[in-house]
Amino acid sequence: MLRVTIEIVPNGDEAWKYPISIAEIANVTGLSPISDYACRLVRDGETVALAYVIKHNRRDGAETLVARALKELEAARAGAWVDTDPARNRNGR
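None of the values given here were measured: they were computed from a predicted structure.

### Some words on the sheet that holds strand β1 (residues 2–8)
Link 1 in the chain: Spatially, β1-β2-β3-β4 is the arrangement adopted by the 4 strands of the open sheet, whose pairing is antiparallel. Bordering the open sheet on either side are β1 and β4 (46–57), each of which pairs with just one other strand. For this sheet, the mean inter-axis angle between neighbouring strands, taken without regard to orientation, is 20 degrees.
Link 2 in the chain: Bridging between strand β2 (residues 18–27) and strand β3 (residues 34–43) involves 6 bridges; their strand directions are antiparallel. Of the residues in β3, the one forming a bridge with I25 is C39.
Link 3 in the chain: Sitting on the sheet, helix α1 (residues 62–77) is in contact with β1, β2, β3 and β4, with an inclination near 135 degrees to β4.

### Thoughts on the nonpolar core
Link 1 in the chain: A23, I25, Y37, C39, L41, A49, A51, V53, L65, V66, A69 and L73 together form the largest nonpolar core, which totals 12 residues.
Link 2 in the chain: Breaking this core down by element, the ones donating at least two residues are β2, β3, β4 and α1.
Link 3 in the chain: Beyond its immediate stretch of four places on either side in the chain, L41 contacts S21, I22, A23, E46, T47, V48, A49, L73 and R77.

### Examining the pairing of β2
Link 1 in the chain: Looking at chain direction, β1 and β2 are connected through 7 bridges and run antiparallel. Residue pairing across strands places E7 opposite P19, the latter belonging to β2.
Link 2 in the chain: Counting the residues that bridge the hairpin from β2 to β3 gives 6 residues, and of these G30 lies at a positive phi of roughly 80 degrees.

### A few points about the pattern of salt bridges
Link 1 in the chain: In the structure shown here, the tally under the stated rule is 4 salt bridges.
Link 2 in the chain: Ionic pairing is found between E24 and R3, a salt bridge with its closest N-O pair at 3.4 Å. Of the two residues, E24 sits in strand β2 while R3 sits in strand β1, which places them 21 residues apart along the sequence.
Link 3 in the chain: On the accessibility criterion, R3 (52% relative accessible area) is exposed.

### Observations concerning the environment of I34
Link 1 in the chain: Summarising the element assignment, I34 is placed in strand β3.
Link 2 in the chain: Separated by 25 residues in sequence, I34 and R59 place their C-alpha atoms 8.6 Å apart.

Conventions adopted
Residues numbered from 1 in each chain as written. Predicted model: local features only at pLDDT ≥ 70, side-chain atom pairs only at ≥ 80, totals over all residues. Heavy atoms only, no water. Pairing = 2+ DSSP bridges. Helix = DSSP H or I, 4+ residues; strand = E, 2+ residues; numbered from the N terminus. Axes fitted to C-alpha atoms, helices over the stretch in contact; angles between N-to-C directions. Contact = heavy atoms within 4.5 Å. Core = buried A, V, L, I, M, F, W, Y, C linked by side-chain atoms within 4.5 Å. Buried < 20%, exposed > 50% of the residue type's maximum accessible area, 1.4 Å probe, protein only. Salt bridge = Lys/Arg side-chain N within 4 Å of Asp/Glu carboxyl O.

Right, dumping it as C-alpha coordinates:
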(Lines give C-alpha, C1' and ligand atoms only; values in the text may rest on other atoms or scores of the structure.)
Protein backbone atom coordinates (compact mmCIF):
# COMPACT_ATOMS: atom_id res chain seq x y z
CA MET A 1 0.00 0.00 0.00
CA LEU A 2 1.08 3.55 -0.70
CA ARG A 3 0.14 6.32 1.71
CA VAL A 4 0.33 9.97 0.69
CA THR A 5 0.06 12.48 3.53
CA ILE A 6 -0.58 16.14 2.75
CA GLU A 7 0.57 18.49 5.48
CA ILE A 8 0.43 22.20 6.15
CA VAL A 9 3.78 23.53 7.39
CA PRO A 10 3.09 27.10 8.60
CA ASN A 11 5.96 29.43 7.65
CA GLY A 12 8.04 26.35 6.80
CA ASP A 13 8.38 25.51 10.51
CA GLU A 14 8.30 21.71 10.91
CA ALA A 15 7.41 22.06 14.60
CA TRP A 16 3.99 23.42 13.58
CA LYS A 17 3.15 20.99 10.76
CA TYR A 18 -0.16 19.15 10.73
CA PRO A 19 -1.83 16.77 8.26
CA ILE A 20 -4.87 17.88 6.30
CA SER A 21 -5.53 14.74 4.27
CA ILE A 22 -4.27 11.23 3.61
CA ALA A 23 -4.66 9.15 0.46
CA GLU A 24 -4.23 5.39 0.72
CA ILE A 25 -3.66 3.37 -2.45
CA ALA A 26 -3.78 -0.44 -2.26
CA ASN A 27 -3.03 -2.93 -5.01
CA VAL A 28 -6.03 -5.26 -5.36
CA THR A 29 -4.74 -7.47 -8.18
CA GLY A 30 -1.40 -8.68 -6.85
CA LEU A 31 1.92 -7.66 -8.30
CA SER A 32 1.16 -8.13 -11.97
CA PRO A 33 2.75 -5.63 -14.40
CA ILE A 34 -0.69 -4.09 -15.03
CA SER A 35 -2.56 -3.70 -11.74
CA ASP A 36 -5.76 -2.25 -10.28
CA TYR A 37 -5.82 -0.21 -7.08
CA ALA A 38 -8.42 0.68 -4.46
CA CYS A 39 -8.04 4.24 -3.16
CA ARG A 40 -9.33 6.05 -0.09
CA LEU A 41 -9.15 9.74 0.84
CA VAL A 42 -9.27 10.59 4.56
CA ARG A 43 -9.75 14.04 6.12
CA ASP A 44 -10.05 14.62 9.86
CA GLY A 45 -10.16 10.85 10.41
CA GLU A 46 -13.19 10.41 8.13
CA THR A 47 -13.25 8.70 4.75
CA VAL A 48 -14.44 11.34 2.26
CA ALA A 49 -13.95 9.43 -1.00
CA LEU A 50 -13.39 5.93 -2.37
CA ALA A 51 -12.22 5.23 -5.90
CA TYR A 52 -10.34 2.79 -8.13
CA VAL A 53 -7.42 3.12 -10.50
CA ILE A 54 -7.80 0.51 -13.23
CA LYS A 55 -5.01 -0.93 -15.38
CA HIS A 56 -2.04 0.99 -14.00
CA ASN A 57 1.21 -0.05 -15.65
CA ARG A 58 3.58 -0.48 -12.71
CA ARG A 59 6.51 0.55 -14.95
CA ASP A 60 4.98 4.04 -15.07
CA GLY A 61 6.00 4.44 -11.42
CA ALA A 62 4.50 5.47 -8.12
CA GLU A 63 4.21 9.15 -9.05
CA THR A 64 1.95 8.35 -12.00
CA LEU A 65 -0.13 6.06 -9.82
CA VAL A 66 -0.49 8.74 -7.13
CA ALA A 67 -1.53 11.34 -9.74
CA ARG A 68 -4.17 9.00 -11.17
CA ALA A 69 -5.42 8.06 -7.70
CA LEU A 70 -5.76 11.69 -6.59
CA LYS A 71 -7.63 12.52 -9.79
CA GLU A 72 -10.05 9.61 -9.26
CA LEU A 73 -10.52 10.46 -5.56
CA GLU A 74 -11.25 14.11 -6.27
CA ALA A 75 -13.77 13.14 -8.93
CA ALA A 76 -15.42 10.68 -6.53
CA ARG A 77 -15.55 13.33 -3.81
CA ALA A 78 -17.22 15.72 -6.25
CA GLY A 79 -19.68 13.03 -7.37
CA ALA A 80 -18.18 12.71 -10.84
CA TRP A 81 -16.31 9.96 -12.66
CA VAL A 82 -13.02 10.41 -14.51
CA ASP A 83 -11.66 7.78 -16.89
CA THR A 84 -7.93 7.48 -16.20
CA ASP A 85 -7.54 4.19 -18.08
CA PRO A 86 -4.76 4.85 -20.63
CA ALA A 87 -6.26 2.25 -22.98
CA ARG A 88 -9.33 4.44 -23.44
CA ASN A 89 -7.66 7.82 -23.11
CA ARG A 90 -5.06 8.64 -25.74
CA ASN A 91 -3.29 11.12 -23.47
CA GLY A 92 -3.06 8.53 -20.66
CA ARG A 93 -4.34 11.07 -18.15
